[in-house]
Amino acid sequence: DKVYDGTPVSVFPDDVITTGSSGEISITYDEERVTPFGTVYWARLDEAPAGAGSYRVNVVLKEDQWHSTVSLRTEFTISKADIQLEIRTDNMDKVYDGKEVENPPTYQAGGSNVRRLSWYEKNADGDWVLLGSRPVNAGIYKVVAAAEGDDNYNSAETELIFEITKAIPSYTLPEDLTAAQGQALSSVKLPEGFVWVDGAQKAESLGSQVFRANFV
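Here the residue numbering is sequential within each chain, running from 1 through the sequence in written order. Two thresholds apply to this predicted model, a pLDDT of at least 70 for residue-level local features and 80 or more for giving and counting side-chain atom pairs, whereas whole-chain, interface and lining totals are computed over all residues. Water and hydrogen atoms were dropped before computing side-chain values, which therefore reflect all heavy atoms in the structure.

## A closer look at the overall build of the protein
And step 1. To qualify as a helix, a DSSP run of H or I must reach at least 4 residues; to qualify as a strand, a run of E must reach at least 2; elements of each kind are numbered from the N terminus. For the protein, the count of helices and strands is zero helices and 16 strands.
And step 2. Radius of gyration: C-alpha atoms only; globule rule: 2.2 Å multiplied by the number of residues to the exponent 0.38. Against the globule reference of 17 Å for 216 residues, the protein gives a C-alpha radius of gyration of 37 Å, more extended than a compact globule.
And step 3. Projecting the C-alpha coordinates of the protein onto the three principal axes gives extents of approximately 130 × 35 × 20 Å.
And step 4. The buried share among the 216 residues of the protein stands at 24%. Using a 1.4 Å probe on the protein chains alone, a residue whose accessible area is under 20% of its type maximum counts as buried, one over 50% counts as exposed, and one in between counts as partly exposed.

Structure, rendered in structure tokens:
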């Protein structure tokens, strides 16, 4: 038994220990197969097997002048190998900049199917929701790299969780705002993006005063 490595499993006549007989040694291989109806059977191979599967080796020591033919049969398995798949970065966190997240660098060894990337967002319930494209907006996400298996390799998957944090907006504080005594703040126009915390407040006193406004 062995794990798939691309090289055939071979038994040579010199590997067979015999006692007494001088007969010729022949070696053949069979592969276990299944018909469309589910029937298992053994199919003779033209050469030593290399791909993943279940096999048997048939060793025959042919008769000589003093001995009869002797045969030996042993079953063995070549198991599928694991695809090596990595996301080659430890951190994809960033601050919101209005641009899609870039694809992370990845590494794959083995398998005939190229890795694919999928993107997920964590919703308010803590569930991962599949996205149709790379994320842009602030939130918690994960990227999943997956490669489908084939005849000789198992499927592989790896993931990385990251966050796009909200950006701090740039703004200029409004200056030189004036209001008449007793006038409600809601009547004092603020620059775009600013709103009064309490527009019903009034400028009751003369002179400079401080009132709170939010930038949204």
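## Concerning the sheet that holds strand β1 (residues 2–3)
And step 1. Any two strands with at least two DSSP-identified bridges between them are counted as paired. Pairing is mixed across the open sheet formed by five strands, whose spatial order is β1-β5-β4-β2-β3. Two strands lie at the open edges of the sheet, namely β1 and β3 (40–44), each paired on one side alone.

## A few points about the side chain of S21
And step 1. Within the secondary structure, S21 sits in the loop between β1 and β2 (25–34).
And step 2. In the analysis that follows, any N or O atom pair within 3.5 Å is treated as a polar contact, provided that within protein one partner can donate a hydrogen and the other can accept it, and provided that, for residues neighboring in sequence, both atoms belong to side chains. There is a polar contact of 3.4 Å between the side chain of S21 and the side chain of D64.
And step 3. We call two residues in contact whenever any of their non-hydrogen atoms come within 4.5 Å of each other. Leave out the neighbours within four places in its chain, and S21 touches L61, K62, D64 and H67.

## Structural notes on the sheet that holds strand β8 (residues 94–95)
And step 1. The five strands are arranged β8-β14-β12-β10-β11 in an open sheet whose pairing can be described as mixed. Pairing within the sheet leaves two strands with one partner each, and these edge strands are β8 and β11 (128–130).
And step 2. Two elements, strand β10 (residues 116–122) and β11, share three bridges in a ladder whose sense is antiparallel. Looking at β11, one finds that E121 is bridged to V129.

## Some details on the pairing of β2
And step 1. Of the strand pairs in this sheet, β2 and strand β4 (residues 53–61) are connected by seven bridges, and their pairing is antiparallel. Across the sheet, E31 pairs through a bridge with Y55, a residue of β4.
And step 2. Relative to β3, β2 is paired through five bridges, and the arrangement is antiparallel. What sits directly across from R33, in β3, is Y41.
And step 3. Hairpin connection between β2 and β3: a loop of five residues separates the two successive antiparallel strands, and G38 in this loop has a positive phi of roughly 90°.

## Overview of the packing of aromatic side chains
And step 1. Stacked, tilted and edge-to-face are the three classes assigned to paired rings of Phe, Tyr and Trp, where Trp is represented by its six-membered ring and a pair needs centres within 6.5 Å; plane angles under 30 degrees give stacked, over 60 edge-to-face, the rest tilted. The final tally for this structure, using the stated rule, is seven aromatic pairs.
And step 2. Judged by centre distance (5.5 Å) and plane angle (80°), the ring pair of Y4 and Y153 falls under edge-to-face. Here the residue Y4 occupies a position in the loop between β1 and β2, and Y153 occupies one in strand β13 (residues 153–154), the gap between them amounting to 149 residues.
And step 3. Each ring, one from W119 and one from F162, has its centre 6.0 Å from the other, and the planes form 90°; the classification is edge-to-face. Taken together, the positions of W119 in strand β10 and F162 in strand β14 (residues 156–165) put the pair 43 residues apart, joining distant regions of the chain.

## Things to note about unusual backbone geometry
And step 1. Although it is not a glycine, D176 sits at a positive phi angle of roughly 60°.
And step 2. Here D176 is to be found in the loop between β14 and β15 (194–196).
And step 3. Look at D176 and you get exposed, because its relative accessible area is 76%.

## Brief notes about the pattern of salt bridges
And step 1. For this analysis, a salt bridge means a side-chain nitrogen from Lys or Arg found within 4 Å of a carboxyl oxygen belonging to Asp or Glu. A complete count under the given rule lists nine salt bridges for this structure.
And step 2. Among the ionic pairs, E148 bridges to R116, the shortest N-O distance being 3.0 Å. Placement of the pair is E148 in the loop between β12 (139–147) and β13 and R116 in strand β10, with a sequence separation of 32 residues.
And step 3. A relative accessible area of 45% means that E148 is categorised as partly exposed.
And step 4. In this structure, a network of salt bridges that share partners links the residues D30, R44 and R56.

## Observations regarding the pairing of β10
The side chains of a regular strand alternate, first on one face of the sheet and then on the other.
And step 1. Judged from the six bridges that link them, β10 and β12 form a sheet pairing that is antiparallel. Pairing of S118 across the sheet is with V144, part of β12.

## Notes on the environment of A50
And step 1. Along the chain, A50 turns up in the loop between β3 and β4.
And step 2. A relative accessible area of 24% places A50 in the partly exposed class.
And step 3. For A50 and T7, which are 43 residues apart along the polypeptide, the C-alpha to C-alpha distance reads 5.4 Å.
And step 4. Apart from residues no more than four positions distant in its own chain, A50 is found in contact with Y4, G6, T7, P8 and I78.

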